[in-house]
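# Topology and contacts: notes
Chain residues, written in single-letter form:
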Amino acid sequence: MRFMIIVKATPDSEAGRWPADSDKLFEAMRIYHEELAQAGALLDASGLHPSSKGWRIRYDGGRRTVVDGPFAESKELIAGYTLIQVRSREEALEWTRRFPNPVGFEARAEIEVRQLYEMEDFQDIAPPSEIEKFRELGMQ
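Here goes a summary of the coordinates provided.

Along the backbone of the protein chain there are 4 helices and 6 strands. Ordering the α and β elements of the protein chain from the N terminus gives β-α-α-β-β-β-β-α-β-α. Along the first, second and third principal axes, the C-alpha atoms of the protein chain reach 50 × 40 × 20 Å. A buried classification covers 29% of the 140 residues belonging to the protein chain. Across the protein chain, the fraction of contacts at a sequence separation of at least 24, relative to all contacts at a separation of at least 6, is 72%. The centroid of the 19 positive side-chain charges in the protein chain is displaced by 4 Å from the centroid of its 25 negative side-chain charges.

This is the structure in structure tokens:
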């Protein structure tokens, strides 16, 4: 089972400002991710640049429109993620309880955790040949 730990953006992260205790925060994050890697659970992790450097594609029927950042509601934005693979939801919950506070040790913060779909989740709606084509692309 794969899960994404989503670090929510803040007004500071959107402005490119780091917490005052960022040296300790980076150390805590490094240790946490090393432990994930040693356990064989870490698939990927990264921080994201502020939304001012990004864009969205808005779909309206067959039309696509590019909307450049920044985006106003920082609480709805993602500042980073960690992707893990574990045996159960409970194991994912245990790892996420250990996730360092991403905005500083004493600050209020929130992370979100979402399970990723696996190709098996689509077996009732997609033809086996299509699922196999996705697997050939390396998708799980």
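Structure shown, so let's carry the discussion forward.
Next up on the list: the pairing of strand E4 (residues 63-68). Of all 6 residues in E4, 0 are buried, a share of ten percent or less. In terms of strand pairing, strand E3 (residues 55-60) meets E4 through 6 bridges, oriented antiparallel. Its bridge partner lying in E4, arginine 56 is registered against valine 67.

The next thing to look at is the sheet that holds strand E5 (residues 78-85). Reading across the sheet, the 4 strands line up as E2-E5-E1-E6 and stay open at both edges, with antiparallel pairing between neighbours. On the outer flanks of this sheet lie strand E2 (42-47) and strand E6 (111-115), each paired with one strand and no other. When the angles between neighbouring strand axes are averaged without regard to direction, this sheet yields 15°. One ladder, built from 5 bridges, connects strand E1 (residues 2-8) with E6; its direction is antiparallel. Bridge pairing in E6 places valine 7 opposite isoleucine 111. In the packing of helix H2 (residues 22-38) onto the sheet, the strands contacted are E1, E2 and E5, and the crossing angle to E2 comes to about 160°.

On inspection of all chains with the given rule, the structure shows 4 aromatic pairs. Seen from their ring centres, tyrosine 32 and tryptophan 95 are 6.0 Å apart, and the 80° between their planes marks the pair as edge-to-face. A residue pair is termed long-range when its members are at least 10 positions apart, and tyrosine 32 in helix H2 and tryptophan 95 in helix H3 (residues 89-97) qualify at 63 residues. Seen from their ring centres, tyrosine 117 and phenylalanine 122 are 5.1 Å apart, and the 40° between their planes marks the pair as tilted. Accessibility expressed as a relative area gives 59% for tyrosine 117, which makes it exposed. A connected cluster of aromatic rings, assembled from ring pairs, spans Tyr32, Trp95 and Phe99.

Along E1, 5 of the 7 residues are buried, which leaves the element largely enclosed by surrounding structure. By the bridge criterion, 7 bridges tie E1 to E5 in an arrangement that is antiparallel. For isoleucine 5, the partnering residue across the bridge sits in E5 and is threonine 82.

Thresholds, definitions, all that
Residues numbered from 1 in each chain as written. Predicted model: local features only at pLDDT ≥ 70, side-chain atom pairs only at ≥ 80, totals over all residues. Heavy atoms only, no water. Helix = DSSP H or I, 4+ residues; strand = E, 2+ residues; numbered from the N terminus. Buried < 20%, exposed > 50% of the residue type's maximum accessible area, 1.4 Å probe, protein only. Contact = heavy atoms within 4.5 Å. Lys, Arg positive; Asp, Glu negative; His and termini not counted. Charge placed at Lys NZ, Arg CZ, Asp CG, Glu CD. Pairing = 2+ DSSP bridges. Axes fitted to C-alpha atoms, helices over the stretch in contact; angles between N-to-C directions. Phe/Tyr/Trp six-rings, centres within 6.5 Å; stacked < 30°, edge-to-face > 60°.

None of the figures reported here should be taken as evidence of function without further support.
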